[in-house]
Structures are given as C-alpha cells and as structure tokens.
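# Notes for the structure review
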Amino acid sequence: MTAAEILSDADDSMELAVEYAKEEFAAIRTGRAHPAMFAKITAEYYGAYTPLQQLASFQVPEARMVLVTPYDRASLPAIEKAIRQSDLGVNPSNDGNSIRLVLPELTEQRRKEYIKLARTKAEDARISIRGSRRTAKDALDKLVKDKEVGEDEVTRAEKQLDASTKKYVDQVDEVLKHKESELLEV
C-alpha cells in the first residue's frame, strides 16, 4: 500500500464519520417537525423490526405536526406503538387511516438535554476521525519501518493527514454549531 492510498482511505473513513454525525443530528428533535426524526425508530412488522420510513410516508402540514400514513393499514398499530415508545415525547392519535402527531413545545430542560446529546454525538464523530488518523499514521510509520518509502514522503503525507483531520473535525464542529443554534431557537 502506498502513502497516497493510506491517505485516501483515511480521508474516506473521516468523511463517513462526518456523514454519520449529520445523520445522528438529523434524528435529534428540534422545535420543528421533520421526517428525519423517525429515522432511528423501528416497528415490528410481520415479525421483523423495520424502519418506519419503509412502512409509511411522512407529511409535515404544519411546523409542529406530522401526518404518518402507512403503506399497509395492518401496520398502523405497530407504527403507533413504536412512536409511542420512542424518545420523541409525543402522543400519537390514530384515526384508522393515518397517525397524527402534534409535537409539544420543547422545554428549556429538554433543549439542554438535546444539546448535550448532540455534543456527545459530535465527540463520537471526532473520536472516530482521530481513530482514522491514528490508523493511517501507524500504516505510514510501517511503510518507513519496512523501508518501502522515504521519510520525506511520509513526513509530507503526515502533514496532509493532519490537514485532513483538522478539516473533518472542523466540519463536525460546524454541524454541531448549526444544530445547537437550531435547538436554541424558540
């Protein structure tokens, strides 16, 4: 493996960590309703746990209201149960065809809990990025040790690796800052 391949692999895994953080942030509820809130919720459907987004469509007719329409009416009770047991803090109302969710206003305490959760997820992403950096650095050190490349090339590659690490950590920080401001909006 060459230094360029090691850097490319590290870059790819760091980018995945940022994408994962974005997905995790999307699942954290803000004051407004959005379909991504249901991304991590699964319902038991014919004996298998299935993501809600595969079982129903989601519409947001108002800022704090979600209308969940199942593709199969038989899944309605399972979807309602999954939403009720989730950490969204909503009480679904079932009219026989669809489920209507009215999201309550976020309390100050709940906002702080969500910000704390977002910071934890951001730190997980940073740890993953630093782990990718460490793996790449070890691989570069091994190249030098095995005398496959010169120390100058590895030094250049390490500088690139550090720049990539900083770039992706900054991206996570930026996404976190955006999520925090979203959560603090009243």
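Keep in mind that this is a model prediction, so the values were computed, not measured.

As a further point, take the pairing of strand β1 (residues 42-45). Across a regular strand the side chains alternate sides, sitting on one face of the sheet and then on the other. Both β1 and strand β2 (residues 48-51) contribute to a ladder of 4 bridges, which runs antiparallel. Bridging across to β2, Ala 43 finds its partner in Thr 50.

Below, the discussion takes up the UniProt feature "coiled-coil region" (unreviewed entry) in the chain. Using the residue numbers shown here, the UniProt feature "coiled-coil region" (unreviewed entry) corresponds to residues 140-167. Between the first and last C-alpha atoms of residues 140-167 the distance is 20 Å; the span itself is 82% helix and 0% strand.

Another aspect to go through is the sheet that holds strand β6 (residues 99-102). Within the open sheet, the 4 strands sit side by side as β3-β4-β6-β5. Their pairing is antiparallel. Edge positions in the open sheet fall to β3 (56-62) and β5 (93-94), since each of these has one partner strand only. When β5 meets β6, the two strands line up antiparallel, connected through 2 bridges. Bridge pairing links Ser 93 to Arg 100 in β6.

Grouped together as the largest cluster of nonpolar side chains are 29 residues, with contacts concentrated most on Ile 129, Leu 140 and Leu 161. Only α1 (3-27), α4 (108-145) and α5 (151-184) provide two or more residues apiece to this core. What Ile 129 contacts, discounting residues up to four positions off in sequence, is Met 14, Ala 17, Val 18, Thr 165, Tyr 168, Val 169 and Val 172. In terms of nonpolar packing, the next biggest core, distinct from the first, is built from 20 residues, Ala 43, Ile 79, Ala 82 and Ile 83 among them.

Time to look at the domain arrangement of the chain. Here the chain is described as being made up of domain 1 (3-28 + 107-185) and domain 2 (35-102). Summarising the inter-unit geometry, the C-alpha centres of domain 1 and domain 2 are found 33 Å apart. Counting residues at the interface gives 5 residues for domain 1, matched by 5 residues for domain 2. Summing both sides of the interface, domain 1 and domain 2 together bury roughly 420 Å²; the carbon and sulfur share of this comes to 45%. Applying the counting rule to domain 1 against domain 2 returns 1 salt bridge. Between Glu 24 and Lys 40 there is a salt bridge, and its shortest N-O distance comes to 2.9 Å. At the junction of domain 1 with domain 2, the criterion picks out 1 residue pair in polar contact (both at pLDDT 80 or more).

Rules of the game
- Residues numbered from 1 in each chain as written.
- Predicted model: local features only at pLDDT ≥ 70, side-chain atom pairs only at ≥ 80, totals over all residues.
- Heavy atoms only, no water.
- Pairing = 2+ DSSP bridges.
- Helix = DSSP H or I, 4+ residues; strand = E, 2+ residues; numbered from the N terminus.
- UniProt positions renumbered as here; feature names shortened; annotations may be inferred.
- Core = buried A, V, L, I, M, F, W, Y, C linked by side-chain atoms within 4.5 Å.
- Buried < 20%, exposed > 50% of the residue type's maximum accessible area, 1.4 Å probe, protein only.
- Contact = heavy atoms within 4.5 Å.
- Domains from an automatic or database assignment.
- Buried area = accessible area lost by both parts, 1.4 Å probe.
- Salt bridge = Lys/Arg side-chain N within 4 Å of Asp/Glu carboxyl O.
- Polar contact = N/O pair within 3.5 Å; in protein donor to acceptor, adjacent residues only side chain to side chain.

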